[in-house]
Structure formats: structure tokens, C-alpha cells
Amino acid sequence: MEHYLNMLVKAIFVENAIFAFFLGMCSYLAVSKKIKTASGLGIAVIFVMVLTTPLNYVILEYLLRPGALGWVHPSLATVDLTFLAFILFISTIAGAVQLVEMVVEKFSPSLYNSLGIFLPLITVNCSILGASLFMQEREYNFSETLVFSIGTGTGFFLAIVLMAAIRERLRYSNIPNPLQGLGIAMIITGLMAMAFLSFSGIQL
Amino acid sequence: MSAETTTVPQEAKKESLFSKKNRRVLRDPLDDNNPITVQVLGICSALAVTVQVKPALIMAVGVTLVTAFSSLIISWIRDSIPGRIRMIVQLVVVALLVTLVDQILKAYMFDVSKKLSVFVGLIITNCIVMGRLEAFAMAQKPWPAFLDGIGNGVGYGIILVVVAVIRELFGSGSLLGYKLVPQWAYDMGYVNNGMMMLPPMALFLIGIYIWIQRARNPKLYNVS
């Protein structure tokens, strides 16, 4: 139990997707102008991530790993299909995003309109594919994968909502012209990343 | 550019290969329409692989190849892609190319491949690739699309290398692994700036780059 709690805290704070690995920076910078849309995107990302990372784990474990196909036929036990991981992972993610898009369009048209182009762009949100690839690289088991995906998704949500809150206040401040918009967003993210560095080394 | 302009007369019959328009397509992403600092695409990997110059260079080459060839292929088959599933088709093409790059890296440069870890795979979701496919390759002929891919890849590479050079030089006193800061400097009390090795510094450096670029070119104010 402690191990999982530790992993969760690590994924949310210590190795935050945005501040430590810069995963998902594109949508993070583009959608963080208003808290409402930012939190909508954050929730969508958590949802897609918790859906796809364990799914990709299952694909990896029972289809791709060296010897994983042994359950089909013993003669396939030596087959190693890990080189197909990228294509299968991204297909799973693209499919899941399509699903989320349909659900959101049906149940919350206002959220659908405000998210606009960024809903399909969750597919290319690096943090989602990144979570699956980290899962593969670090060889997590199923429950670890689940905890890790929840943590990474929550970390993204936290980062984008914090950033949106700061940017809403920023509208009233006097920033030099060339630095407005993207420039200051980068520097603020840097400062926030420095703040998050102080979490490093925390063990529960 | 001078070498390219000389080839123009021979092919002036149709639209020449390096006509003025095509040259613009190639050159714009290097500065005025830079994928990272102006279009805000592909920032994730730009920040994460820039601690040292070598991974940054290899990443830049990888992204350039993938962007160029995926633009070429998608532009080639753009008329036969059904609109609703174009995203998945694009992703499969990109994933295929990235798998190739990844396998080649693993075979010939294993240490760099280890250092880049998941970021090679993340070229698939690099917004530059998808962004250019959507914005350019889906509506243009293969050759301009290919040039656009090269231009954007190189524009991305420039930022990567600038940031990586600053970070490696001040962070570990070396470039491409060769020690540049002499030992006597350390003896006299020079210290590497450990801050440069940490993630936040990449953000500051790109922020400052954007600041300088926009101060020189007021056209770019408030583009995003």
C-alpha cells in the first residue's frame, strides 16, 4: 500500500509530467488561458490516460512482449513484437480519444465547444503516450500502471489549472510587449518547475 | 541558398523545384514562422532533450526526417484519406516512420537511444509533425509539403541546438562531450552552473529566446 501511495505522490509532484518531463506542453500552453477550459481539458486528460495506459499495458503484456504470444500457441513463444509498440499504443489512444469526444459532445455541448480543437488534440498530447512509454520502459505491473496513470493525469490537471489561474491574474499586469503571451508563459512555467523541484526526494 | 538559386533556370519550365514560393516554404519556419517560438508546437521534446548537444542534434535530425517524410507521404495520399479517420491514418504513418528511426537508433547508437529514452517514441505525438500535416501537407502537393517538413524540422533543430549549447557549455563546461572550460579555470574557483542541468532552465532559455526574437521583430507580438 505504502509503495503505491509513494508512487502516486511521486507521479503527481516529484516527477510531474509538465514540470519534470515537459510532457503535454503544447496543449498546456495553448489551453491555459481560462480556468474553466483548463480544468475541462485536465479532466479529459485524466480520463483518457487512466483508460489507455492500463489498456496499453494489457496489449504489451499479452501481445507484444517476447514470449507473450505463448498463450496462443507454444510455437509462438519466441516471437518478440515490441517494435510494434508505438503503432499499437497510438492506435489505442486515438480510439479512446474518439470515444471521449463522442461522449463529451453528447453530454456536455458547452464543454465540447469550449475545448474545440483541443479535444482531438489529446491524441497527440505527449503526456498520454508518454505515460504508456514510461510504463513500458520502467516495467510496471498492472496495479503500478494504474496508480502511475492516475498520478500522471492528476499532475497534468494540477499543472494546467495552476497555470490558468496565474494567467488569469496576469492579464492585469504590465508585461513588456515582446514578452507577452508565450514568452512570459514559458518563464512562469520555469518558475513553477523550480517550485516543484522542492518536492524532490520526498518519500512517504 | 546561393547554391540552390543556380539550379533554377534549368527547371523553369513548369514550377521550378526551388521557385521563390518553395524557397519561402523552406525558409519561413527558420525564423518568422518558427515551429517552437511562433507556432508553439513541439515544445515538449525541445525542453527535455537539451541537457547535452549530442542528443539534441540527433533528436533534431530524427524530427526533421519524420516531419519531412510523413508530410511527403500524407500529401501523396491525401486525396484518398477519408476525412473522419484522417487523424488515425496520419498517426499510423508517423508511428511507422518513428519506429524506423527508433530501430535504427537502437541498432547503431544504443547509448544515445538510451539517453533519449521515451522521447524518440514521443516524436509521434510531437505537435510539429501533426500540426504541419494538418495545416500544410493535407492541402499541398508532395514536393512543397516535403520542403515544409524539412524547414520546420530544421527550425525546431535550431532552437534545440541553441538551448543545448548554452546548457551544456555552462552546465557541464563541455560541448559534444569535449571539455571546453580548462582545468585552471576550475582551480581559480570557476564552478559549473548546476542550475543549467535542471528542467526549469530550459524553459527560461526558450522564454528569453522568444523575448529576443520578438523584440527584434515586432510583427510577432501577440501571435499567441
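Residues numbered from 1 in each chain as written. Chains lettered and ligands numbered in written order. Predicted model: local features only at pLDDT ≥ 70, side-chain atom pairs only at ≥ 80, totals over all residues. Heavy atoms only, no water.

## A short note on the overall build of chain A
For chain A, the count of helices and strands is ten helices and zero strands. Expressed along its principal axes, the backbone C-alpha trace of chain A runs to roughly 70 × 45 × 30 Å. Scored against the burial criterion, the 204 residues of chain A give a buried share of 50%. Residue pairs in contact within chain A that sit at least 24 positions apart in sequence constitute 75% of those at least 6 positions apart. Taken as a whole, chain A presents about 9200 Å² of accessible surface, with 68% of it coming from carbon and sulfur. (Helix = DSSP H or I, 4+ residues; strand = E, 2+ residues; numbered from the N terminus. Buried < 20%, exposed > 50% of the residue type's maximum accessible area, 1.4 Å probe, protein only. Contact = heavy atoms within 4.5 Å. Areas by Shrake-Rupley, 256 points an atom, 1.4 Å probe, with all protein chains shown as cover.)

## Considerations on the environment of Phe83 of chain A
Along the polypeptide, Phe83 of chain A turns up in the loop between helix H4 (35-64) and helix H5 (85-107). Sequence spacing of Phe83 of chain A and Leu64 of chain A is 19 residues, and the spatial spacing of their C-alpha atoms is 8.2 Å. Sequence-distant contacts of Phe83 of chain A, defined by excluding residues within four places in its chain, comprise Thr99 and Gln103 of chain B.

## Section: the interface of chain A and chain B
Opposite the 40 residues of chain A that make contact, chain B presents 43 residues. Together chain A and chain B conceal approximately 3700 Å² of surface at their shared face, both sides included; 82% is due to carbon and sulfur atoms. Summed over the shared surface of chain A and chain B, the number is zero salt bridges. Of all the elements in the fold, those that place two or more residues in the side of chain A that touches chain B are helix H2 (17-21), helix H3 (25-30), H5, helix H7 (118-121), helix H8 (126-138) and helix H10 (182-197) of chain A. (Buried area = accessible area lost by both parts, 1.4 Å probe. Salt bridge = Lys/Arg side-chain N within 4 Å of Asp/Glu carboxyl O.)

## What about the packing of aromatic side chains?
All names here are of chain A. Inspection of every chain in the model, using the stated rule, returns ten aromatic pairs over all chains. Considering the side-chain rings of Phe19 and Tyr28, the 6.5 Å spacing of their centres and the 90° angle between planes classify their relative orientation as edge-to-face. Like Phe19, the residue Tyr28 is buried in the burial classification. In this structure an aromatic cluster arises from ring pairing among Phe13, Phe19, Tyr28, Phe196 and Phe199. Lying over the aromatic face of Phe107, Lys106 brings its terminal NZ or CZ to 5.4 Å of the ring centre. Its end group placed over the ring of Phe134, Arg138 keeps NZ or CZ at 4.3 Å from the ring centre. (Phe/Tyr/Trp six-rings, centres within 6.5 Å; stacked < 30°, edge-to-face > 60°. Lys NZ or Arg CZ within 6 Å of the ring centre and 35° of its normal.)

## Points about the confidence of the model for chain B
All names here are of chain B. Confidence in the prediction of chain B, expressed as mean pLDDT, is 79, and 89% of residues score 70 or more. Looking across chain B, the model is least confident in helix H1 (residues 2-5), with a mean pLDDT of 41, and most confident in helix H4 (residues 53-76), with 88. Every residue in residues 1-13 scores below 50 in pLDDT, and together they form nine contacts with partners more than four places removed in sequence or on other chains. Two numbers describe this predicted complex: its pTM, 0.81, and its ipTM, 0.78. (pLDDT = per-residue confidence, 0-100.)

## With respect to helix H9 (residues 142-170) of chain A
The end-to-end C-alpha distance of H9 of chain A, which contains 29 residues, comes to 42 Å, matching closely the 42 Å that a straight helix rising 1.5 Å per residue would cover. One side-chain oxygen of the residue at the start of H9 of chain A lies 3.3 Å from the amide nitrogen of Ser143 of chain A, identifying that residue as Asn141 of chain A. (Expected span 1.5 Å × (residues − 1). Polar contact = N/O pair within 3.5 Å; in protein donor to acceptor, adjacent residues only side chain to side chain.)

## Brief notes about unusual backbone geometry
With the exception of glycine, most residues fall at negative phi, and the peptide bonds are largely trans. One non-glycine residue with positive phi stands out, namely Phe22 of chain A, at about 55°. Counting through the fold element by element, Phe22 of chain A comes out in the loop between H2 and H3.

## Points about a nonpolar patch on the surface
Residues and elements named next belong to chain A. A cluster of nonpolar side chains, namely Val58, Tyr62, Leu63, Trp71, Val72, Phe142, Leu146 and Ile150, defines an oily patch on the protein surface of about 730 Å² accessible area. Among the secondary structure elements, those contributing two or more residues to the nonpolar patch are H4 and H9. Turning to its location among the elements, Leu146 is positioned in helix H9. (Patch = residues over 30% accessible without salt bridge, like charges linked within 9 Å, V, L, I, M, F, W, Y side chains within 5 Å.)

## Points about the confidence of the model for chain A
The predicted model of chain A averages 83 in pLDDT, with 95% of residues at 70 or higher. Across chain A, H9 of chain A holds the top mean pLDDT of 91, while H7 of chain A sits lowest at 68.

## Observations concerning the pattern of salt bridges
Under the criterion given, the structure shown has four salt bridges over all chains. Arg138 of chain A is paired through a salt bridge with Glu15 of chain A; the nearest N and O atoms lie 3.5 Å apart. Here Arg138 of chain A is found in helix H8, whereas its partner Glu15 of chain A is found in the loop between helix H1 (2-14) and H2, with 123 residues between them in sequence. Take Arg138 of chain A: its relative accessible area is 28%, and that puts it in the partly exposed class. Taking the relative accessible area as the measure of exposure, Glu15 of chain A reaches 25% and is therefore partly exposed. Measuring nitrogen to oxygen at the nearest pair gives 3.2 Å for the salt bridge that ties Lys106 of chain B to Asp102 of chain B.

## Considerations on helix H11 (residues 199-216) of chain B
Between its terminal C-alpha atoms H11 of chain B stretches 27 Å, which fits the 26 Å expected from 18 residues at 1.5 Å a residue. When we look at burial in H11 of chain B, the residues that qualify are Pro199, Pro200, Met201, Ala202, Leu203, Phe204, Leu205, Ile206, Gly207, Ile210, Gln213 and Arg214 of chain B. Along its buried surface, H11 of chain B packs onto H2, H3 and H10 of chain A together with helix H3 (43-48) and helix H9 (142-172) of chain B.

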